[in-house]
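Residues per chain are reported as follows:
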Number of protein chains: 4
Amino acid sequence: MSNQVGIEVCVDSLQSCLEAVKGGAIRLELCSALFLGGLTPSYGLMKIVKQKLPDFQINVMIRPRDGDFLYSDEEIEIMKHEIDIAKSLNFNGVVFGVLNANGTINKETTKMLIEYSNPLSVTFHRAIDMCRDYKEAMNDLISVGGIDRVLTSGLESSVMEGIDTIIEMIKMVNNAGSKMIIMPGGGVTERNINKIVKTLNIKEIHLSGRIKLDSSMQFRNTRVFMGGELRQSEYQLAYVDQNKIKSFQSAANQ
Amino acid sequence: MSNQVGIEVCVDSLQSCLEAVKGGAIRLELCSALFLGGLTPSYGLMKIVKQKLPDFQINVMIRPRDGDFLYSDEEIEIMKHEIDIAKSLNFNGVVFGVLNANGTINKETTKMLIEYSNPLSVTFHRAIDMCRDYKEAMNDLISVGGIDRVLTSGLESSVMEGIDTIIEMIKMVNNAGSKMIIMPGGGVTERNINKIVKTLNIKEIHLSGRIKLDSSMQFRNTRVFMGGELRQSEYQLAYVDQNKIKSFQSAANQ
Amino acid sequence: MSNQVGIEVCVDSLQSCLEAVKGGAIRLELCSALFLGGLTPSYGLMKIVKQKLPDFQINVMIRPRDGDFLYSDEEIEIMKHEIDIAKSLNFNGVVFGVLNANGTINKETTKMLIEYSNPLSVTFHRAIDMCRDYKEAMNDLISVGGIDRVLTSGLESSVMEGIDTIIEMIKMVNNAGSKMIIMPGGGVTERNINKIVKTLNIKEIHLSGRIKLDSSMQFRNTRVFMGGELRQSEYQLAYVDQNKIKSFQSAANQ
Amino acid sequence: MSNQVGIEVCVDSLQSCLEAVKGGAIRLELCSALFLGGLTPSYGLMKIVKQKLPDFQINVMIRPRDGDFLYSDEEIEIMKHEIDIAKSLNFNGVVFGVLNANGTINKETTKMLIEYSNPLSVTFHRAIDMCRDYKEAMNDLISVGGIDRVLTSGLESSVMEGIDTIIEMIKMVNNAGSKMIIMPGGGVTERNINKIVKTLNIKEIHLSGRIKLDSSMQFRNTRVFMGGELRQSEYQLAYVDQNKIKSFQSAANQ
């Protein structure tokens, strides 16, 4: 039993929190708007989750908007206010990630936010998957110190795609004698989780475990839509690129 | 000048707040995640916006998740916590909408939330556009009392599409001697705003006025994506329906 | 009855053709891939539709790819081959649209394709909605001659949005003594069709009249997906623009 | 050199064909509408591609619509017409896949289409990834005979995800003494291709190798859109499911 891998579940509702706990999660990552990759939850959601699950290990996403991880001074201020609330509600930890425009870890801001978050646990999230060089990024995170875990898909669209990079990341942490936990997350399914756990020999894994439920609304007005839509643009064309084919050719035959 | 239509701008970032004020907005609707139709903003965003624009008229979106407007008891609790924060930060008003599963206004909860929001201004948002019968819904909102304005696209995907219904809504309010403001919103563009304002003879209009900015990130990992994606399903097929064509035929020739 | 507006239905399957005919359509626009805005149908679809509906008025979409309407010489060659097939199968007409990079009508290619299509009927499609100036474009299309109809949403996302521009287009055609039919299409619904028909006093209207049907597959593998997906990019941010707000303000109060 | 893996490239334009050939592809899969997963190309595209690349190995996609692989009798007729054209233009092969509603291979129709395609080469495409049981499906395809290759992602969203299943498929083919080639395709990148090739020890791999190019249009009307859009529905909610979490837990610790 002690060898069991611990599952961290990312959630954006109270109902999901309760389901995750019943399902055996060891930890929750509390967000809003998972469709956008997870944003800072509202105060109301934080409050009720803490009320219903006072003793469960819950980390709060600190991400004030979707999009990139290059934050303005004002956005850093917002993140600090959000950390304040997470602290005042006695959450276990916070989750954030900050990059520079050149794709390196923003070490100064990361360090400052870690100190600001004290005594909460800190997870550096998948912003690392947007970095330019994972070795450089890992060295930066190790040298900053104070990071309990790094959530990563190995710079690829899913853990299965990035698994070789994650192996290297784990080696780097071990070689550095760091206690930072590398927690894989992104595209983890019931079918690949065993392979991932075995291959990486990890103790923690991150996933969402969501199903789509039909709304309980009986009456439906399907001609109205509340938000944005994704469209194919008339001004973007997709063509085969010969150099891309050549690079496939060359990569295939190394 | 006093005849000028007032523009309310929905925003999900500090930068957008500041731009909207410079552009001449009379009011802000503060949300997060506008792509999802607007959710309750995080505490951090509320805090900094109030700090930077202490005296500006700002209403706070109270919507704890995307999807329908049929809320569980726990979700109503969350909304109350969010209203608490809006009050404690001295915002001008709150924006919410609650329906029953049958597509009617949830009058009891609406009434309770209005009282709970006191003394804040209350806007009932486009949840009304999801109702089964606008006359019934308008009568319900008028009878509940205490609603300062209703944001609506006339039960259609945009104000231009729903304009005839909005005209009827305005008549109903006037006939009832109600002071509730009908504020059109949804698909308002620089090209149709004048026509809408003239046709409806309104004093307030709601819009987002956003442009898409390229990120300032220089390094970009385009193979990683943080959130959900929208896909065409292999299990949904779209076909012409003869009855739909007949109903077009008959509607066209009335 | 002779005053009834004729409905042209765009279709991308045999089933849709048959439904449209049963529903009372006067004409079909035969395409593939309506999700992409309509592409040239495959030979097989053209063949069977002609076989099942030998005498019905059917126009064939000639659009070799999705995206813009700026075609290479090879793409024009492809379009000519596609027109060949439409002719050899005795279809009633063809539907195409060709622009220059600066947003004007490509008059030379349009003229050439019209002559090449002879004796088929020619519809210039919503490529016109992508032009830089509708007056210039209408004058070009009138001067080219040989175009039976123009399908347009008035340079807006839907006919309701573009209706004022469509009114002007109709006036231009009438003033020029041209017999070119302006056929509105784009976002026509059972609810707005009567208003559009009455406002424009038109004889023909274009719509799709589709409903989404659930697939008949009993077994479903929902973890596989065949095609592309639309994702929100981490590298695009949407913010309010003060100048956009100002232009709303100024447009509203003209 | 003789050990080099051969790359088949799926293409939906002449330009992509030419780029793929220059990049070193050994074969093309000619489609239209790759965004929808690939449909039967138009006659015009088939004609010009054959004209420009008369001797190159090119297989033609025979898929008359997007969505599932459960075809009506009329759709099978359409596919036969499309095979006729592929034959008459002297293409090398055809690519199709036909399922029953219960998720099994439609053996009768597959057999008939193979015979109808004679003497063209036949690829059974990723319809197999939608089947209910890959062993049953592989046995069916082997017993039908006459299939040159099977394109598959191992019933998962990408080859990397389905690689264990693909290994089993290859074993089944070898054990049966069949010459059917298992060609992996789906989510192959420059970064994973070498691992896939090495792991599977394959001779052929399928990929798209596309890049997104900006349109050459200088003038752009961004308020108009030609096709369908993907929207998040207000009537679908995503929640964590405790049983899903339990199945993760159990799968992880097998």
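Residues numbered from 1 in each chain as written. Chains lettered and ligands numbered in written order. Predicted model: local features only at pLDDT ≥ 70, side-chain atom pairs only at ≥ 80, totals over all residues. Heavy atoms only, no water.

In this complex, chain A contributes 75 residues to the contact, which on the side of chain D involves 75 residues. Summing both sides of the interface, chain A and chain D together bury roughly 6900 Å²; the carbon and sulfur share of this comes to 54%. For the chain A face of the interface with chain D, the top three residues by lost area are A:Tyr235, A:Tyr239 and A:Phe248, together amounting to 12%. A salt bridge links A:Asp164 to D:Lys195; the shortest N-O distance between them is 2.8 Å. Counting the contacts that link chain A with chain D gives 15 residue pairs in polar contact (both at pLDDT 80 or more). A total of nine residues in the side of chain A that touches chain D trace back to one element, the largest contributor, which is helix α8 (residues 242-252) of chain A. In terms of residue class, the side of chain A that touches chain D is built from 31 nonpolar, 24 polar and 20 charged. Note that strand β11 (residues 236-240) of chain A and strand β9 (residues 210-214) of chain D share five bridges and pair antiparallel. (Contact = heavy atoms within 4.5 Å. Buried area = accessible area lost by both parts, 1.4 Å probe. Salt bridge = Lys/Arg side-chain N within 4 Å of Asp/Glu carboxyl O. Polar contact = N/O pair within 3.5 Å; in protein donor to acceptor, adjacent residues only side chain to side chain. Helix = DSSP H or I, 4+ residues; strand = E, 2+ residues; numbered from the N terminus. Nonpolar A, V, L, I, M, F, W, Y, C, P; charged D, E, K, R; others polar. Pairing = 2+ DSSP bridges.)

What follows deals with the interface of chain D and chain B. With 17 residues of chain D at the interface, the matching set in chain B holds 17 residues. For the pairing of chain D and chain B, the buried interface totals around 1700 Å² over both sides, and the portion due to carbon and sulfur atoms is 57%. When the buried surface of chain D facing chain B is broken down by residue, D:Leu230, D:Gln232 and D:Glu234 rank first, second and third, together holding 31% of it.

As for its position among the elements, B:Leu45 is in helix α2 (residues 43-52). For the pair B:Leu45 and B:Gly67, spaced 22 residues apart in sequence, the C-alpha to C-alpha distance is 22 Å. Apart from the residues within four sequence positions on either side, B:Leu45 is in contact with A:Ile78, A:Glu82, B:Asp12, B:Ser13, B:Leu14, B:Leu30 and B:Cys31.

So, about the pairing of strand β3 (residues 58-61) of chain B. Residue and element names in this part refer to chain B. Every second residue of β3 is oriented toward a common face, with Ile 58 and Val 60 on one face and Asn 59 and Met 61 on the other, all of them buried. The pairing of strand β2 (residues 27-30) with β3 spans three bridges and is classified as parallel. Opposite Leu 30, over in β3, you have Val 60 as the bridge partner. Sheet topology places β3 next to strand β4 (residues 93-96); three bridges connect them, and they run parallel. The residue bridging Asn 59 from the neighbouring strand is Gly 93, located in β4. Taken together, β3, helix α3 (residues 73-88) and β4 form a β-α-β motif whose crossover is right-handed. (Buried < 20%, exposed > 50% of the residue type's maximum accessible area, 1.4 Å probe, protein only. Right-handed = clockwise from strand over helix to strand, strands pointing away.)

With that out of the way, let us pick up the sheet that holds strand β5 (residues 121-124) of chain D. Residue and element names in this part refer to chain D. Here eight strands make up an open sheet; going across it, the order is β7-β6-β5-β4-β3-β2-β1-β8 and the pairing parallel. Two strands bound the open sheet, and with one partner strand each, they are β7 (181-184) and β8 (204-207). The average undirected angle you get between the axes of adjacent strands in this sheet is 25 degrees. Pairing of β5 with strand β6 (residues 149-152) involves two bridges; the strand directions are parallel. Following the sheet pairing, Thr 123 is matched in β6 by Arg 149. Each of β4 (93-96) and β5 touches helix α4 (residues 107-117); the most contacted strand, β4, lies at about 165 degrees to it. (Axes fitted to C-alpha atoms, helices over the stretch in contact; angles between N-to-C directions.)

With 158 residues, the main nonpolar core has C:Val9, C:Ile193, C:Ile205, D:Val9, D:Leu28 and D:Ile193 as its most contacted residues. A:Val98, B:Cys131, B:Tyr134 and B:Ile205 belong to the second-largest nonpolar core, a separate cluster that totals 157 residues. (Core = buried A, V, L, I, M, F, W, Y, C linked by side-chain atoms within 4.5 Å.)

In summary, the two copies of the chain are related to each other by a rotation about an axis coupled with a shift along it. After a rotation of 180 degrees and a shift along the axis of 0.0 Å, chain A superposes on chain D with an RMSD of 0.0 Å. What the rotation and shift describe, once combined, is the action of a two-fold rotation axis. It is A:Leu230 whose C-alpha, among those of chain A, lies nearest the rotation axis, at 2.6 Å. Comparing interface residues between copies, 100% of those in chain A also lie at the interface in chain D; the contact surface is shared. (Least-squares fit on C-alpha atoms with pLDDT ≥ 70 in both.)

With that out of the way, let us pick up the environment of C:Pro64. All names here are of chain C. By the secondary structure assignment, Pro 64 is in the loop between β3 (58-61) and α3 (73-88). Separated by 64 residues in the primary sequence, Pro 64 and Ile 128 have C-alpha atoms spaced 17 Å apart. Here Pro 64 is in contact with Thr 40, Tyr 71, Glu 75, Ile 78, Met 79 and Glu 82, once residues within four sequence places are set aside.

Attention now goes to the pairing of strand β8 (residues 204-207) of chain B. Put simply, side chains in a regular strand alternate between the two faces of the sheet. All names here are of chain B. Residues Glu 204 and His 206 point to one face of β8 and Ile 205 and Leu 207 to the other, with burial holding for every one of them. In terms of strand pairing, strand β1 (residues 6-11) meets β8 through four bridges, oriented parallel. Bridge assignment links Gly 6 to a residue of β8, and that residue is Glu 204.

Let's shift gears to the packing of α8(A) against helix α7 (residues 193-200) of chain D. The contact between α8(A) and α7(D) brings their axes to 7 Å, and the two run at 45 degrees. Taken together, the axes of α8(A) and α7(D) are oblique relative to one another. Between α8(A) and α7(D) the crossing geometry is right-handed. Note on element contacts: α7(D) touches α8(A) through D:Ile193, D:Asn194 and D:Val197, opposite A:Phe248, A:Ala251 and A:Ala252. Here the residues of the contact of α8(A) with α7(D) are counted per class, giving five nonpolar, one polar and no charged. (Parallel < 35°, antiparallel > 145°, perpendicular 65-115°, else oblique. Left-handed = near helix turned anticlockwise from the far one by under 90°.)

Residues and elements named next belong to chain C. A sheet is described by the order of its strands in space; here eight strands give the open sequence β7-β6-β5-β4-β3-β2-β1-β8, paired in parallel fashion. Sheet topology places β7 (181-184) and β8 (204-207) at the edges, where each strand pairs with a single neighbour. Each strand of the sheet is rotated relative to its neighbour by a mean of 25 degrees, with strand direction disregarded. For strand β4 (residues 93-96) and strand β5 (residues 121-124), the ladder comprises four bridges, and the chain directions are parallel. Bridge pairing links Phe 96 to Phe 124 in β5.

For these two chains of identical sequence, chain D goes onto chain B by a turn of 180 degrees and a shift of 0.0 Å along the axis, with RMSD 0.0 Å. Mapped onto chain B, 100% of the interface residues of chain D are again interface residues, and the two copies thus contact each other with one and the same surface.

How two aromatic rings sit relative to each other is given by the distance of their centres and the angle of their planes. Counted under the stated rule, the structure contains two aromatic pairs over all chains. Between A:Phe35 and B:Phe35, the aromatic rings sit 6.0 Å apart at their centres with planes inclined by 0 degrees, giving stacked as the arrangement. Taken together, the residues A:Phe35 in the loop between β2 (27-30) and α2 (43-52) and B:Phe35 in the loop between β2 and α2 connect one chain to another. Residues A:Phe35 and B:Phe35 agree in their burial class; the two are buried. One cation-aromatic arrangement involves D:Lys50 over D:Phe91; the distance from NZ or CZ to the ring centre is 5.2 Å. (Phe/Tyr/Trp six-rings, centres within 6.5 Å; stacked < 30°, edge-to-face > 60°. Lys NZ or Arg CZ within 6 Å of the ring centre and 35° of its normal.)

Here we come to the pattern of salt bridges. Here the idea is simple: oppositely charged side chains can pair when their charged atoms come close. Tallying each qualifying case throughout the model produces 64 salt bridges over all chains. Its salt-bridge partner being D:Glu190, residue D:Arg191 comes within 3.9 Å of it at the nearest N-O pair. Residues joined in a network through salt bridges with shared partners are A:Glu8, A:Arg27, A:Arg149 and A:Glu204.

Moving on to α3(C). Since the α-helix turns once every 3.6 residues, residues separated by three or four places project in the same direction. A rise of 1.5 Å per residue sets the reference length of α3(C), with its 16 residues, at 22 Å; its end C-alpha atoms lie 23 Å apart and thus fit the reference within 8%. Three or more residues of α3(C) are buried, namely C:Glu75, C:Ile76, C:Ile78, C:Met79, C:Lys80, C:His81, C:Glu82, C:Ile83, C:Ile85 and C:Ala86. At its buried positions, α3(C) is contacted by β11 of chain A, α2 (43-52), β3, β4 and α4 (107-117) of chain C together with α2 (43-52) of chain D. Positive phi shows up at C:Asn90, right after α3(C), with a value of about 60 degrees. (Expected span 1.5 Å × (residues − 1).)

Mapped onto the fold, B:Thr40 is located in the loop between β2 and α2. Classification of B:Thr40 by relative accessible area gives buried; the value is 7%. What B:Thr40 contacts, discounting residues up to four positions off in sequence, is A:Ser42, B:Ser32, B:Met61, B:Ile62, B:Arg63, B:Pro64 and B:Glu82.

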